[in-house]
Amino acid sequence: MSLHADRTAGPRYDAASLRSFAAALFEAGGMAEEKAATVAEILVEGDLMGHDTHGLNLLAPYLDGLASGDMQGDGRPTVLSSTPVAETWEGDKLPGPWLVRTAADLASERAAIFGLAAVSIRRAHHIGCLAAYLPRVVERGQVMQLLCSDPGTASVAPWGGTRRVITPNPLAAGWPSPEGPVMIDVSMSITTNGMTGRRRAEGTHFPYEALLDAEGRPTTDPEAFFTEPAGTLLPLGGMVAGHKGFGLGLMVEALTSALGGYGRADPPAGWGASVLVLVIDPARFGGTDAFLRETGWMADAVHANPPVAGGPAPRLPGERGWQRRRQALAEGVVLHPSIPPMLAARAAKAGIAAPVPLGQG
């Protein structure tokens, strides 16, 4: 079951107008123009794909981070170590979307020469929706993997435990196929901090056991996450196979915080991210044509697979998000109902005109 609602009804907003509006707010908040444009693009991309807890929903806390000084509005990362195929950056709490986009472009350029390249980023600010970074690289015919953890906080207990140790630790991957990009963006927990907070605010329960209360009992009630002592997010796999999800979460910890040399063993640095960006170029391995032949065969096999009686046809990971993105670009973006009032409030505070739905401008 998807954690992101399939919202097709409601007012629609022009994607370009949303990007311009968000960029203007970030610039008004003290972010450099180039960075503001990139952060705005990544946030709107999250909404285009339907990841509406990690799209413009993040605009308010990002602006608050700029105002408090927790997010730095300008500057460059410090290169701590470098080889032709691997670099490690000190992010210094620069905007996460700008850091990751910059790292992905660098890794893509080098992968085209060497076959693969990676950038490890420590102490980035929050990076938003991981899937939002994939299309730009995949459309170049390359494979991208993106892993992220936040050593400044915790929400998932070790398997069999009751106290928080790691974050949901998402992993995203994208690769080309003849029919378009295949994209995965999954947390190593059943749900996320953002979705849990949203359900609490809405007064709704999860339709499945997504959390553990403070005693380690499974629950659908998001309030369990906010008690004292606090509950935790269930690892991916739930009560049957959560040990697998927690193991994958530890792998993400090793490939982000540990690889970058700054993590939970260090003093907390506030809301942010440890990140690994990896790009692989199939042209430097078995060849682009061979890669597409294989991914095309698999796509055909998935689509030809008989569906469960009465159920939808099987689809590739990210296929629905890509279709939603195309529709939103053509017809307008449907925002979660909680987002337009927040955008209006932030616009009024900054003295900037708020975006209006298509047909109402």
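Here's what I pulled together on the structure shown here. Along each chain, numbering runs from 1 in the same order as the chain's sequence is written. With pLDDT at 70 or above as the cut-off, local features in this predicted model cover only qualifying residues; side-chain atom pairs require 80 or more to be listed or tallied, and sums for whole chains, interfaces and linings still use all residues. Side-chain measures here rest on the full set of heavy atoms in the structure, leaving out hydrogens and waters.

On to the overall build of the chain, then. In this description a helix means any DSSP run of H or I spanning at least four residues, a strand means any run of E spanning at least two, and both kinds are numbered starting from the N terminus. Helices and strands together make up the secondary structure of the chain, namely ten helices and twelve strands. When we talk radius of gyration, it's over C-alpha atoms, and the globule rule is simply 2.2 Å times the number of residues to the 0.38. Taking 361 residues into account, the globule formula puts the C-alpha radius of gyration at 21 Å, and the chain, at 20 Å, falls close to it. Taken along its principal axes, the extent of the C-alpha atoms in the chain is 50 × 50 × 45 Å. We call two residues in contact whenever any of their non-hydrogen atoms come within 4.5 Å of each other. Restricting the contact set of the chain to residue pairs at least 6 apart, pairs at least 24 apart contribute 68%. A gap of 1 Å separates the mean positions of the 29 positive and 36 negative side-chain charges of the chain. As used throughout, the charge tally considers Lys and Arg to be positive and Asp and Glu to be negative, leaving His and the chain termini uncounted. Every charge is mapped onto a representative atom, which is NZ of Lys, CZ of Arg, CG of Asp or CD of Glu.

Moving on to helix H1 (residues 15-28). For H1, which comprises 14 residues, the first-to-last C-alpha distance of 20 Å matches the rise-based estimate of 20 Å (1.5 Å per residue) to within 8%. Listed as buried for H1 are Ala15, Leu18, Phe21, Ala22, Ala23, Leu25 and Phe26. Against strand S1 (12-13), helix H2 (33-49), helix H3 (59-68), helix H9 (319-331), strand S12 (333-334) and helix H10 (339-350) lie the buried residues of H1. Near the N-terminus of H1, the side chain that reaches the backbone nitrogen of Ala16, with its oxygen 3.3 Å away, is that of Asp14. Positioned one or two residues after H1, Gly30 has a phi angle of 110 degrees, which is positive. Helix span, as expected, comes to 1.5 Å for every residue beyond the first. Throughout this description, buried means an accessible area under 20% of the type-specific maximum (1.4 Å probe, protein chains only), exposed means over 50%, and partly exposed covers the range between. Two N or O atoms form a polar contact when they lie within 3.5 Å of each other; inside protein one atom must be a possible hydrogen donor and the other a possible acceptor, and for residues adjacent in sequence the pair counts only when both atoms belong to side chains.

Moving on, we come to the pattern of salt bridges. By salt bridge we mean one thing: a side-chain nitrogen of Lys or Arg within 4 Å of a carboxyl oxygen of Asp or Glu. For the coordinates displayed, the defined rule picks out 16 salt bridges. Note that Arg325 and Glu45 form a salt bridge whose closest N and O atoms lie 2.3 Å from each other. One end of the pair, Arg325, is in helix H9; the other, Glu45, is in helix H2, with 280 residues separating them in the sequence.

One finds Val100, Ile121, Ile127, Met144, Leu146, Val275 and Val277 to be the most contacted residues of the largest nonpolar core, which totals 34 residues. Elements represented by at least two residues in this core include exactly H2, helix H4 (96-114), strand S4 (116-124), helix H5 (134-138), strand S5 (143-149) and strand S11 (273-280). The element best represented in this core is H4, accounting for eight residues. Setting aside its immediate chain neighbours within four residues, Leu146 contacts Val100, Ile127, Leu130, Tyr133, Pro170, Leu171, Ala172, Val275, Leu276 and Val277. Among buried residues, the Ala, Val, Leu, Ile, Met, Phe, Trp, Tyr and Cys ones that are joined through side-chain atoms within 4.5 Å form a nonpolar core. The next biggest cluster of nonpolar side chains, apart from the first, holds 30 residues, and it includes Ala15, Ala23, Leu58 and Ala328.

All right, on to the packing of aromatic side chains then. Planes of paired rings set the category: under 30 degrees apart is stacked, over 60 is edge-to-face and the rest tilted, where pairs are Phe, Tyr or Trp rings (Trp by its six-membered ring) whose centres lie within 6.5 Å. Summed over the entire model, instances satisfying the criterion amount to four aromatic pairs. Aromatic side chains Phe206 and Tyr208 sit 5.8 Å apart centroid to centroid with 40 degrees between the ring planes, which places their arrangement in the tilted category. For the pair Phe206 and Tyr208, a shared accessibility class is recorded, and that class is buried. Clustering of aromatic rings is evident, with ring pairs tying together Phe26, Tyr62 and Trp271. Across from the ring centre of Trp98, 3.9 Å away, lies the NZ or CZ of Lys35, which sits over that ring. Lying over the aromatic face of Phe206, Arg199 brings its terminal NZ or CZ to 5.0 Å of the ring centre. Only Lys NZ and Arg CZ are tested; either one counts as a charge over a ring when it is within 6 Å of the ring centre and within 35 degrees of the ring normal.

Moving on, we come to the sheet that holds strand S6 (residues 171-177). Spatially, the seven strands line up as an open sheet ordered S2-S3-S4-S11-S5-S6-S7, and their pairing is mixed. In this open sheet, the two strands that pair with only one neighbour each are strand S2 (78-82) and strand S7 (180-186). The sheet shows a mean angle of 15 degrees between the axes of neighbouring strands, taken without regard to direction. Of the pairings in the sheet, the one linking S2 to strand S3 (residues 86-90) comprises four bridges and is antiparallel in character. A pair of strands counts as paired when DSSP detects no fewer than two bridges linking them. Here, axes are lines fitted to C-alpha atoms. For helices the fit covers the stretch in contact, and angles between N-to-C directions go from 0 to 180 degrees.

Here we come to empty space enclosed by the protein. Put simply, the grid is 1 Å and covers the protein atoms alone, a cavity is a trapped set of points that fit a 1.4 Å probe, a pocket is an open set with protein on both sides within 12 Å along at least five of seven lines, and lining residues have an atom within 4 Å of a point. Grid points are joined across faces, edges and corners, and a volume is the space filled by probe spheres set on the points. Counted according to the given criterion, the structure contains two cavities of 30 Å³ or more. Lining the second largest cavity are 13 residues, and of these Arg123, Pro151, Ala269, Gly270 and Ala273 lie nearest its centre. Elements represented by at least two residues in the lining of the second largest cavity include exactly S4 and S11.

On to the sheet that holds strand S9 (residues 218-219), then. The strand order across the open sheet built from three strands is S9-S8-S10, with neighbouring strands paired in antiparallel fashion. The sheet is open, and its two borders are formed by S9 and strand S10 (232-233), each paired with just one other strand. Sheet topology note: the strand S8 (residues 211-212)/S10 ladder contains two bridges and is antiparallel. By the bridge assignment, Leu211 is partnered in S10 with Leu233.

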